[in-house]
Amino acid sequence: MSTPQTPPGGPGRVDPAVLAARYGRRPPRSGPPWYRRPVPLAAAVLGALLVLAYGVWVAVEGTRGPSYTEISHRIVDDRTAELRFAVTREAGTAVRCQVHALDGSSAEVGLLQVDLPASPETDVQESVQVKTTSRAVTVGVESCSAVSP
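All of the points below concern the structure found in this document. (Residues numbered from 1 in each chain as written. Predicted model: local features only at pLDDT ≥ 70, side-chain atom pairs only at ≥ 80, totals over all residues. Heavy atoms only, no water.)

Description of the overall build of the protein chain
Each helix and strand counted, the protein chain has two helices and six strands in total. Going residue by residue from the N terminus, the α and β elements of the protein chain occur as α-α-β-β-β-β-β-β. For the protein chain, whose C-alpha radius of gyration is 33 Å, the value lies well above the compact-globule estimate of 15 Å for 149 residues. Oriented by its inertia axes, the alpha-carbon framework of the protein chain measures out at about 95 × 50 × 20 Å. (Helix = DSSP H or I, 4+ residues; strand = E, 2+ residues; numbered from the N terminus. Rg over C-alpha atoms; globule rule 2.2 N^0.38 Å.)

Let's talk about the nonpolar core
In terms of nonpolar packing, the biggest core is built from 17 residues, with Leu83, Phe85, Val87, Cys97, Val99, Val139 and Val141 touching the most fellow members. Residue assignment for this core shows that the elements contributing at least two residues are β2 (80–88), β3 (94–102), β4 (108–116), β5 (123–131) and β6 (138–147). Beyond its immediate stretch of four places on either side in the chain, Phe85 contacts Thr69, Glu70, Ile71, Cys97, Val99, Val114, Val124, Gln125, Glu126, Val128 and Val141. (Core = buried A, V, L, I, M, F, W, Y, C linked by side-chain atoms within 4.5 Å. Buried < 20%, exposed > 50% of the residue type's maximum accessible area, 1.4 Å probe, protein only. Contact = heavy atoms within 4.5 Å.)

Re the sheet that holds strand β1 (residues 67–77)
With antiparallel pairing, the three strands of this open sheet are ordered in space as β1-β2-β5. Two strands close off the open sheet at either side, each with one partner strand: β1 and β5. When the angles between neighbouring strand axes are averaged without regard to direction, this sheet yields 15°. Of the pairings in the sheet, the one linking β2 to β5 comprises nine bridges and is antiparallel in character. Looking at β5, one finds that Thr88 is bridged to Asp123. (Pairing = 2+ DSSP bridges. Axes fitted to C-alpha atoms, helices over the stretch in contact; angles between N-to-C directions.)

Notes on the packing of aromatic side chains
Applying the stated criterion across every chain yields a total of one aromatic pair. Centre to centre, the rings of Tyr54 and Trp57 are 6.0 Å apart; their planes meet at 35°, and the pair counts as tilted. Of the two residues, Tyr54 and Trp57 are both situated in helix α2 (residues 38–63); the distance of three residues between them amounts to about one turn of the helix. (Phe/Tyr/Trp six-rings, centres within 6.5 Å; stacked < 30°, edge-to-face > 60°.)

Some remarks on the sheet that holds β3
The sheet built from three strands is open, its strands ordered β4-β3-β6 with antiparallel pairing. Bordering the open sheet on either side are β4 and β6, each of which pairs with just one other strand. Within this sheet the neighbouring strands show an average axis-to-axis angle of 20°, counted without direction. Pairing between β3 and β6: nine bridges, direction antiparallel. Opposite Gln98, over in β6, you have Ser143 as the bridge partner.

Some details on the pairing of β3
Across a regular strand the side chains alternate sides, sitting on one face of the sheet and then on the other. Across the nine residues that make up β3, a large majority, seven, are buried. Where β3 lies against β4, eight bridges are found, and the strand directions are antiparallel. Note on β4: the bridge partner recorded for Arg96 is Asp115. Remark: five residues form the turn of the hairpin made by β3 and β4, two consecutive strands paired antiparallel; Ser106 in that turn has positive phi of roughly 65°.

Considerations on the environment of Thr93
Assignment of secondary structure puts Thr93 in the loop between β2 and β3. The spacing of Thr93 and Ser119 is 26 residues in sequence and 6.8 Å in space, taken between C-alpha atoms. Among all residues touching Thr93, those that are not within four sequence positions of it are Pro117, Ala118 and Ala146. In terms of polar contacts, Thr93 uses its side chain to reach the backbone carbonyl oxygen of Glu90, at 3.1 Å. (Polar contact = N/O pair within 3.5 Å; in protein donor to acceptor, adjacent residues only side chain to side chain.)

Below you can see the structure in the form of structure tokens.
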């Protein structure tokens, strides 16, 4: 009875010469790796800078425009909710805000679009009543955005 021979390097290892004969040899690398070559390195750095610049631009653009603060809200009855809020905007800018009322399961039961005309004032307070399809538990501003005249 013969015992199987263990290949060099231990069990489960295949002789590299056998693999080279079966699949061919990998050509030797010529030159330095990509990160040591000036053109690919410059392209990678430029790409990273573009991604960073885009991220900064998105962050800055997101902070511009009107902002709002909810001051108070009150549920008047099963079909009405009231909200008092303040909007800060650039002077002379018209603003459109979406106000929504939600029920206990966070379903929207009322929606109101509020248009604030352009004026020289930067801070404006508004009080609105939102008609609802069923009893709301909360009411708030969903969004505010500048509108062109």
